[in-house]
Amino acid sequence: MTDFEELSVSVNPLRLEAEHSKYWQAATQTLNGALALIQQAVEFYLKGRIVKVSPFLLITGNPQAWPKRCAKENLSFSDFRSIDAQDLIKVHNTVCSDRLTEQTEIWFSELRKAREDANKS
């Protein structure tokens, strides 16, 4: 019997499966965190490009829904509701001269869905 055969006989398949499961449980949290950071980075990049045209393009909603005191005093941008991540590419490609490719749009959509799926589990 070779060393490999001896090793494979001595490894308990149930224990190996349990170790495998423990590893992925621990790694999943780290991977989900990394996925969230990647998505946020892409969103900030897109928002930055949109803001170069006008920061007002990121504000969403009817002016009646804006904070009541916005016409009378300076407010923080964070007091307003901004456009959803799912709309960033559409807005970007509408106002920026160098549009994102269809492949990039698909990748961003898949990234968002992967993050949503990760948050469900």
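None of these values were measured; they are calculated from a predicted model.

With respect to the helices and strands, glutamate 43 occurs in helix α2 (residues 13-53). No salt bridge is formed by the buried glutamate 43; the nearest opposite charge belongs to lysine 47, separated by 4.9 Å. There is a polar contact of 2.9 Å between the side chain of glutamate 43 and the side chain of glutamine 39. Discounting chain neighbours no more than four positions away, the residues touching glutamate 43 are Ala85, Leu88 and Phe108.

The next point concerns a nonpolar patch on the surface. Side chains of Tyr23, Trp24 and Leu31 sit close together on the surface and give an oily, nonpolar patch of about 350 Å² of accessible area. Along the chain, tyrosine 23 falls in helix α2.

Here we take up the packing of aromatic side chains. Scanning the model with the defined rule gives two aromatic pairs in all. With a centroid separation of 5.2 Å and an interplanar angle of 80°, the aromatic rings of tyrosine 23 and tryptophan 24 are classed as edge-to-face. Note on tryptophan 24: relative accessible area 41%, which makes it partly exposed. Here the aromatic rings of tryptophan 66 and phenylalanine 80 are separated by 5.8 Å at their centres, their planes lie at 85°, and the arrangement is edge-to-face. Linking tryptophan 66 in the loop between α2 and α3 (88-95) with phenylalanine 80 in the loop between α2 and α3, this pair joins segments that are 14 residues apart in sequence.

Judged by nonpolar contacts, Val42, Leu46, Ile50, Leu58, Ile83, Ala85, Leu88, Ile89, Val91, Phe108 and Leu111 together constitute the single largest core of eleven residues. Of all the secondary structure elements, the ones that give two or more residues to this core are α2, α3 and α4 (102-120).

Thresholds applied
- Residues numbered from 1 in each chain as written.
- Predicted model: local features only at pLDDT ≥ 70, side-chain atom pairs only at ≥ 80, totals over all residues.
- Heavy atoms only, no water.
- Helix = DSSP H or I, 4+ residues; strand = E, 2+ residues; numbered from the N terminus.
- Buried < 20%, exposed > 50% of the residue type's maximum accessible area, 1.4 Å probe, protein only.
- Lys, Arg positive; Asp, Glu negative; His and termini not counted.
- Salt bridge = Lys/Arg side-chain N within 4 Å of Asp/Glu carboxyl O.
- Polar contact = N/O pair within 3.5 Å; in protein donor to acceptor, adjacent residues only side chain to side chain.
- Contact = heavy atoms within 4.5 Å.
- Patch = residues over 30% accessible without salt bridge, like charges linked within 9 Å, V, L, I, M, F, W, Y side chains within 5 Å.
- Areas by Shrake-Rupley, 256 points an atom, 1.4 Å probe, with all protein chains shown as cover.
- Phe/Tyr/Trp six-rings, centres within 6.5 Å; stacked < 30°, edge-to-face > 60°.
- Core = buried A, V, L, I, M, F, W, Y, C linked by side-chain atoms within 4.5 Å.

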